[in-house]
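An overview of the molecular structure
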Amino acid sequence: MAPVGLFEADATGSLVFVNRTWTWLAGIPPEAAMGQGWTAALDPRDRRRVRDEWDVAIATGRAFHSEFRFRHPDGQVRWLEAAAEVRRAEDGRVLGWVGSLTDVSERRLQEEQLRTSRDRLLEAQRIGGMGNWEADLELRPTFWSPQVYRIWGRPQEHPPSFEEFLDAVVPEDRTELAAAYERLRADGEPFDLEYRIRCPDGELRHLHCVGTLAREPAGSPPRLAGTIQDITERREVEEALRERDAELRSFYQGSPLMMGIVELVGDDVLHVSENPATAGLFGAPNATDGGHRLVSEMGISPAQKALWVRRYQEAGSAGRPVRFEYRHQGPETPRWLSATICPIETPPGRRPRFAYVVEDATERKGAEELLAEQADELARSNRELEQFAYVASHDLQEPLRTVASYAELLSERYQGRLDADAEDFLGFIVDGAIRMRSLITDLLSYAKVSSRREPPAAVDTAEVLEAALVALQAAISAGGAEVTAGPLPRVQGIGRQLQQLFQNLIGNAIKFAGPNPPRITVSAEPAGSAWVFSVADNGIGIAPQHTERIFQIFQRLHTRAEYPGTGVGLALCRRIVEEHGGRIWVESAAGRGSIFRFTLPVQARGGR
Ligand code: ADP
């Protein structure tokens, strides 16, 4: 039994007696305790309250009961419980108080510790999203920790009835949950299950719930107890992952591309996983080995196996995807395969892994080969044709010269000795020969454009124009033409051909001038990766229906009597421009002048 301190106070509430135990408990000598002296020994935190309580007892003449701390001079603090009864005279007059003082430090400490550990438990539950619950054997919830209320989105008043509780559970999960509770109650069979609830705010939550029969403390009636954890977030992530997985799986399974995962095993390749498309080419894997098979068992030659192994090793050491195409020799007809293999990161010590995607490129390869063959064929026949035109026009010049010179000789030597008809005929022969010469010359320059390829070089188009104007000097002064030019750029090209181009366009502008003296403007402006050149005149113009036709060889809009020419000039211009990787067109209307435009790329075809 703990020692008990005793004290006595008079009718005014002044302490008049304390025993030795009292002084030992309070830590002050009896003299100091007398009157109101004892209150000085109270811990400052309790002093006000206890004095007030003592004052109330004195004023009302009632018993006094209080718990407080005494602080000893050495700093030690003790929790004490004081209880004092009123002593009264026969007539009811208050005589004073007699009281006891007991040390309750031990109990206070335990209470304190209990409070702390309870606070800690609640905090842990809050952080872990987990709460605990209890119910009686009638399944009536008897206790919910604050976290359970939070999870259920309910105010912390009292736990709901079992029926209310089940109502919040989504219907699909209700039966299983009720059955689990029933088995726990009836047979003591613990449960561990997941179910979903609909919170008052409509939100769906996934809960993990554990229930068991509790028989603590010993002797108390058994009850149901368990925990509840909110696992909504985890479930949602899992759900999203499952969806992604299903998407990827259907993509993988349904893909017409062959796809799979392999591992390098020595000088062989182990197919760890492969999609149906792969099985389509190599035959389905043996069902008993779970889809795992070595390349050497897939009916491909050792040489092709070695090729794959080499590529995998290459991708592995480079640490990046490797692409290659090869002609696959399978048991059936050979196929072109286009493969991409990609190293997959594996933990150290594991066999290197790779993903592969293979496309059957047989059709594409076939089409490409056909296209290449056709292009070759076309280029060859073009070359032959150009060669033919060149040789023909070149070789035609020789007999033509003979015809022309003998016709001239004939008309000179026999002047005045032939009759008028013969003179006329001779004249036609000479005219014809001259015309044919210009046709042949034009044809020859047309054929030369691509039969005599020169490498393109940097060309100053202002200089090229200058040269063209010099060559056209006679026509310019005869026609009274005026040519003005804006700033012209440097381009990559063949100077000789570009001069011919300017010469033809300006020559035409002078030739098709009409009644007014020709005014010709040459300019260039940048447009993206090209220059657009313009040669504009004030001549007779071209009706819209002819703007395409005039670029074809031998196509003319006038008789030779109206305007001389062969109809090769613009065809030649188009050939030159196209050889340089550009295009040419005309903007015009009859009687309104014409603007011939052509583009020359900043970087010419085949140029550096
Ligand atoms: P040619 O000048 O020998 O007739 P081209 O191929 O140079 O042959 O021109 C074809 C035709 O385009 C010409 O006959 C003419 O009708 C028309 N043409 C060419 N340039 C002009 C121009 N500047 N103005 C009007 N018509 C033109």
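See the structure printed just above.
Okay, so let's go over this structure. Model, not experiment: these values are computed from the prediction.

**Observations concerning the sheet that holds strand E8 (residues 191-198)**
- Pairing in this open sheet of five strands is antiparallel, and the strands run E7-E6-E10-E9-E8 from one edge to the other. Whereas interior strands pair on both sides, the edge strands pair on one side only; in this sheet they are strand E7 (141-144) and E8. With direction set aside, neighbouring strand axes in the sheet form an average angle of 25°.
- With respect to the sheet, helix H8 (residues 232-254) is in contact with E8, strand E9 (204-214) and strand E10 (223-230), its orientation differing from that of E9 by roughly 125°.

**Notes on the site of the ligand**
- Lining the immediate surroundings of the ligand are 21 residues, of which Asn-508, Asp-537, Arg-556, Gly-567 and Leu-570 lie closest.
- Thr-566 is positioned such that a nitrogen or oxygen atom in its backbone is 3.1 Å from an oxygen atom of the ligand.
- Note that an oxygen atom of the ligand is positioned 2.8 Å from one of the backbone N or O atoms of Leu-570.
- Here the ligand loses 98% of its free accessible area of 520 Å² to cover by the protein chains.
- The set of elements that each furnish at least two residues to the shell around the ligand consists of helix H15 (495-511), helix H16 (569-579) and strand E23 (594-601).
- Here the element with the most residues in the shell around the ligand is H15; it accounts for three residues.
- Each residue belonging to the shell around the ligand can be placed in one class, and the counts come to nine nonpolar, nine polar and three charged.

**A few points about the environment of Ala-9**
- Structurally, the position occupied by Ala-9 is in strand E1 (residues 5-10).
- The class for Ala-9 is buried, based on a relative accessible area of 1%.
- Taking C-alpha positions, Ala-9 is 165 Å from Gly-427, a pair spaced 418 residues apart along the chain.
- Those residues in contact with Ala-9, other than ones at most four positions away along the chain, are Ser-14, Leu-15, Val-16, Trp-54, Leu-95, Gly-96 and Trp-97.

**Details of the pattern of salt bridges**
- On inspection of all chains with the given rule, the structure shows 39 salt bridges.
- With a closest N to O distance of 3.7 Å, Asp-46 and Arg-49 form a salt bridge. Of this pair, Asp-46 and Arg-49 both sit in helix H3 (residues 44-60), three residues apart, which is roughly one turn of that helix.
- Each member of the salt-bridge network shares a partner with another, and the members are Glu-67, Glu-81, Arg-107, Arg-108 and Glu-111.

**A word on the state of the cysteines**
- Counted under the stated rule, the structure contains zero disulfides.
- No disulfide involves Cys-209; its sulfur sits 15 Å from the nearest other cysteine sulfur, which is in Cys-199.
- Here Cys-209 falls in the buried class, since its relative accessible area comes to 0%.

**A few points about helix H10 (residues 302-318)**
- Compared with an ideal rise of 1.5 Å per residue, which puts 17 residues at 24 Å, H10 spans 24 Å between its outermost C-alpha atoms and is within 8% of the ideal.
- Listed as buried for H10 are Gln-304, Lys-305, Leu-307, Trp-308, Val-309, Tyr-312 and Ala-315.
- The secondary structure elements touched by the buried residues of H10 are strand E11 (258-265), strand E12 (268-274), strand E14 (322-328), strand E15 (335-344) and strand E16 (353-360).
- Downstream of H10 by a residue or two, Gly-319 has a phi angle that is positive, lying close to 70°.

What counts, and where the lines are drawn
- Residues numbered from 1 in each chain as written.
- Predicted model: local features only at pLDDT ≥ 70, side-chain atom pairs only at ≥ 80, totals over all residues.
- Heavy atoms only, no water.
- Pairing = 2+ DSSP bridges.
- Helix = DSSP H or I, 4+ residues; strand = E, 2+ residues; numbered from the N terminus.
- Axes fitted to C-alpha atoms, helices over the stretch in contact; angles between N-to-C directions.
- Contact = heavy atoms within 4.5 Å.
- Near = heavy atom within 4 Å.
- Polar contact = N/O pair within 3.5 Å; in protein donor to acceptor, adjacent residues only side chain to side chain.
- Areas by Shrake-Rupley, 256 points an atom, 1.4 Å probe, with all protein chains shown as cover.
- Nonpolar A, V, L, I, M, F, W, Y, C, P; charged D, E, K, R; others polar.
- Buried < 20%, exposed > 50% of the residue type's maximum accessible area, 1.4 Å probe, protein only.
- Salt bridge = Lys/Arg side-chain N within 4 Å of Asp/Glu carboxyl O.
- Disulfide = S-S within 2.5 Å.
- Expected span 1.5 Å × (residues − 1).

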